[in-house]
Amino acid sequence: MEWTVVVGFVVRVLSVWVPAAEQGSFTSRQGSPEEGDCRFTFAGLCALALLRGLDAPGGLTESAGACGEVRNPSKVTDWLLKCQNLDGGFGCRPEGECESHAGLTFCCLAALSLLGQLSQLPHRGRRRLTRWLGSRQCASGGINGRPGKLADACYTWWTLASATLLLDRPRLPDSPDSSDSSLADLFDLPALDAFLQQCANPAGGVAAHPGEDPDPFHTFFGLAGWSLTAQASPELAKAQPW
């Protein structure tokens with residue numbers, strides 16, 4: 001079977017994988033009675049974008065993105081925006097049903113970005129989210145995923161990636177948002193770098209917390225987040241261990 005046929009079939013399946021047009025979210029499988037979840041919504045949109053990009057003549061760089069393949073993209077956008085809680089972070093479902101979490105915040109922001117709708121996040125919501133993300137840095141220098149939790153290397157990615165999407169997003173016309181903020185304005189990057197250095201094992205890998213054994217999950221996301229600090233600070237990039 002030709003690759004384009006396979007891609008076309010999967011795209012058609014994913015594009016209708018919205019349980020109800022009035023809801024606007026994805027579930028874990030087609031026909032599932034469960035409620036929508038921002039993690040499945042992001043995963044579905046990401047798969048659509050990747051498949052469409054692989055099928056495009058110019059590859060991912062010329063992909064039209066996920067928006068054109070999704071039935072009622074405005075419904076999906078509205079559903080994702082409603083996942084923002086009063087504290088500024090995002091939960092897995094709308095209307096404050098789930099507490100704010102850095103991983104869920106990333107899923108919502110990345111999904112909005114794939115839809116080309118990140119600019120729809122209102123000014124007040126952006127301000128609250130900026131404060132919430134900045135407050136994820138702990139006294140240890142590391143970053144946690146929600147209030148009251150220990151810093152964890154993997155949340156370096158979920159939090160800094162969310163902040164990067166937020167800071168780099170297109171602005172609506174006449175938006176009062178400032179465009180010159182950076183990760184260094186929100187986080188103490190040298191302190192974060194020091195925390196990650198403590199999580200790095202001399203034999204290789206990154207652990208969730210200093211002094212613990214490394215594992216593939218925290219190595220992947222720890223290094224991914226660490227790379228964002230390098231992009232934001234050339235001085236730190238020169239001192240990083242890879």
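Residues numbered from 1 in each chain as written. Predicted model: local features only at pLDDT ≥ 70, side-chain atom pairs only at ≥ 80, totals over all residues. Heavy atoms only, no water.

### Considering the packing of aromatic side chains
Logical step 1: According to the stated counting rule, one finds six aromatic pairs in the structure shown.
Logical step 2: For the pair Phe220 and Phe221, a centre-to-centre distance of 4.9 Å together with 90 degrees between the ring planes defines the contact as edge-to-face.
Logical step 3: Aromatic rings pair up to connect Phe42, Phe106, Trp157, Trp158, Phe217, Phe220 and Phe221 into one cluster.
Logical step 4: Positioned above the aromatic ring of Trp132 is the side chain of Arg136, whose terminal nitrogen or guanidinium carbon lies 4.7 Å from the ring centre. (Phe/Tyr/Trp six-rings, centres within 6.5 Å; stacked < 30°, edge-to-face > 60°. Lys NZ or Arg CZ within 6 Å of the ring centre and 35° of its normal.)

### Overview of helix 5 (residues 123-134)
At 3.6 residues per turn, the α-helix brings residues three or four places apart onto the same side.
Logical step 1: Compared with an ideal rise of 1.5 Å per residue, which puts 12 residues at 16 Å, helix 5 spans 17 Å between its outermost C-alpha atoms and is within 8% of the ideal.
Logical step 2: Those residues of helix 5 that sit buried are Gly125, Arg126, Leu129, Thr130, Trp132 and Leu133. Down the axis, helix 5 shows its buried residues gathered within 165 degrees of arc, on one side only. Projecting away from the buried face of helix 5 at angles above 90 degrees are the exposed residues Arg124 and Arg131.
Logical step 3: On its buried side, helix 5 packs onto helix 4 (102-114), helix 6 (155-168) and helix 7 (183-186). (Helix = DSSP H or I, 4+ residues; strand = E, 2+ residues; numbered from the N terminus. Expected span 1.5 Å × (residues − 1). Buried < 20%, exposed > 50% of the residue type's maximum accessible area, 1.4 Å probe, protein only. Arc of directions from axis to C-beta. Contact = heavy atoms within 4.5 Å.)

### Topic: unusual backbone geometry
Logical step 1: Positioned with a positive phi, Glu95 is a non-glycine residue whose angle comes to about 60 degrees.
Logical step 2: Looking at the secondary structure, you find Glu95 in the loop between helix 3 (73-81) and helix 4.
Logical step 3: Residue classification places Glu95 among the exposed residues on the basis of a relative accessible area of 64%.

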